[in-house]
Amino acid sequence: EPLRKLLSTGYFRFVMTASYSPLVEIAMKDQWGENNVNILNIYDSDLTRRDIRSNYSSQNSPTLYYLLGKVGTTQKFAVTDTDYLQVVKTMIVDMANSNLFGLTASKYLLVLGCDQDDWLFRFIWYTLKTNKAFIKNGYVGRNKKDHKLDKFLAINNISLNYNINKFACEIYEALVKIKETQAFND
């Protein structure tokens, strides 16, 4: 429910999900309309469906990116450590110069959940945020504490919060207040 509320604000036009279920897709389609959400999947065999358009920021079309694949499609989804390593390889090698990673490096990231193992989250974060000229901080809401991962995130100036529902509700309330008083762009 907190994620659905956040998406209902209209501020989150680009969402990456590590979930295999279509819950985020359903929430986005409820917000933007059934045929108005661009769905991308890292496992898509069509390379153009693995990356965003080069002019994504100017188009601002609502986009959902399945970072670890999606259940219920003809494509694969990550289950085993080998699958996760294949996703990491795709991100680091096959998509090294992608528009997707240029966009994520230039934006603030709000990450909710983060229940992946320490090593996987570090690889994903590294790919989304490293080796770019302009890097903005991120905000991470985690379900549980992981001392080593939390230290890594803190060293990289990432704000942490461990009560995801409360964290998401606070962000929602702040965005609603901003919407009532002024334009909010980034």
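Since the structure is predicted, the reported quantities are computational estimates derived from the model, not experimental observations. (Residues numbered from 1 in each chain as written. Predicted model: local features only at pLDDT ≥ 70, side-chain atom pairs only at ≥ 80, totals over all residues. Heavy atoms only, no water.)

J.: Can you help me understand the overall build of the chain in this one?
T.: Secondary structure assignment for the chain yields eight helices and six strands. Residue burial in the chain is summarised as follows: out of 186 residues, 40% are buried. For the chain, long-range pairs separated by at least 24 residues make up 65% of all intrachain contacts whose partners lie at least 6 apart in sequence. (Helix = DSSP H or I, 4+ residues; strand = E, 2+ residues; numbered from the N terminus. Buried < 20%, exposed > 50% of the residue type's maximum accessible area, 1.4 Å probe, protein only. Contact = heavy atoms within 4.5 Å.)

J.: What exactly am I supposed to notice about the nonpolar core here?
T.: What tends to happen in soluble globular proteins is that the nonpolar side chains get buried as a cluster. The biggest cluster of nonpolar side chains holds 27 residues, and the ones touching the most others in it are I42, Y65, V87, M91, F121, W125 and V140. Elements represented by at least two residues in this core include exactly α4 (81–94), α5 (99–105), β4 (109–113), α6 (118–129) and α7 (147–155). Every residue in contact with V87, bar those within four places of it in the chain, is listed here: I42, Y43, L67, L68 and A78. Counting residues in each nonpolar core, the second largest holds nine residues, with V24, M28, W32 and V37 among its members. (Core = buried A, V, L, I, M, F, W, Y, C linked by side-chain atoms within 4.5 Å.)

J.: Mind showing me how you'd approach the side chain of T17 here?
T.: In this fold, T17 is placed in strand β1 (residues 14–17). Since its relative accessible area comes to 7%, T17 is described here as buried. Non-local contacts of T17, meaning those with residues more than four positions away in its chain, are made with V24, L64, Y65, Y66, L67 and L68.

J.: Quick question: what am I supposed to make of the pattern of salt bridges here?
T.: A side chain with one charge may pair with a side chain of the opposite charge, provided their charged atoms come close. Under the counting rule described, the total for this entry stands at six salt bridges. Measuring nitrogen to oxygen at the nearest pair gives 2.7 Å for the salt bridge that ties K70 to E25. Taken together, the residues span a long stretch of sequence, with K70 in the loop between β3 (63–66) and α4 and E25 in helix α2 (residues 23–32) at a distance of 45 residues. The burial state of K70 is the same as that of E25; both residues are buried. The partner of D94 in a salt bridge is K89, and the shortest N-O contact between them spans 3.2 Å. We classify D94 as partly exposed; its relative accessible area is 42%. Because the salt bridges share partners, they merge into one network encompassing E25, K29, E34 and K70. (Salt bridge = Lys/Arg side-chain N within 4 Å of Asp/Glu carboxyl O.)

J.: Just to check I follow, could you spell out the environment of T127 for this structure?
T.: Along the chain, T127 falls in helix α6. Separated by 31 residues in sequence, T127 and A96 place their C-alpha atoms 8.3 Å apart.

J.: What's the story with the confidence of the model for the chain in this structure? I'm lost.
T.: For any part of a model where pLDDT is low, the fine detail of the predicted coordinates should not be relied upon. Across the chain, pLDDT averages 79, with 85% of residues at or above 70. Across the chain, the element-wise mean pLDDT spans from 60 in helix α3 (residues 56–59) up to 91 in α2. (pLDDT = per-residue confidence, 0-100.)

J.: Honestly, a nonpolar patch on the surface in this entry has me stumped. Any pointers?
T.: Together, I92, V93, F123 and Y126 make up an exposed nonpolar region whose accessible area comes to about 350 Å². Contributions of two or more residues to the nonpolar patch are made by α4 and α6. In this fold, V93 is placed in helix α4. (Patch = residues over 30% accessible without salt bridge, like charges linked within 9 Å, V, L, I, M, F, W, Y side chains within 5 Å. Areas by Shrake-Rupley, 256 points an atom, 1.4 Å probe, with all protein chains shown as cover.)

J.: How should I be thinking about the packing of α6 against α7 in this particular structure?
T.: Orientation of α6 relative to α7, taken along the N-to-C sense of each, is 20°, at an axis distance of 10 Å. By the angle between their directions, the pair α6 and α7 is classed as roughly parallel. Between α6 and α7 lies a crossing whose hand is right-handed. Contacts between α6 and α7 involve D118, F121, R122 and W125 from the former and K148, L149, F152 and L153 from the latter. Split into classes, the residues belonging to the contact of α6 with α7 amount to five nonpolar, no polar and three charged. (Axes fitted to C-alpha atoms, helices over the stretch in contact; angles between N-to-C directions. Parallel < 35°, antiparallel > 145°, perpendicular 65-115°, else oblique. Left-handed = near helix turned anticlockwise from the far one by under 90°. Nonpolar A, V, L, I, M, F, W, Y, C, P; charged D, E, K, R; others polar.)

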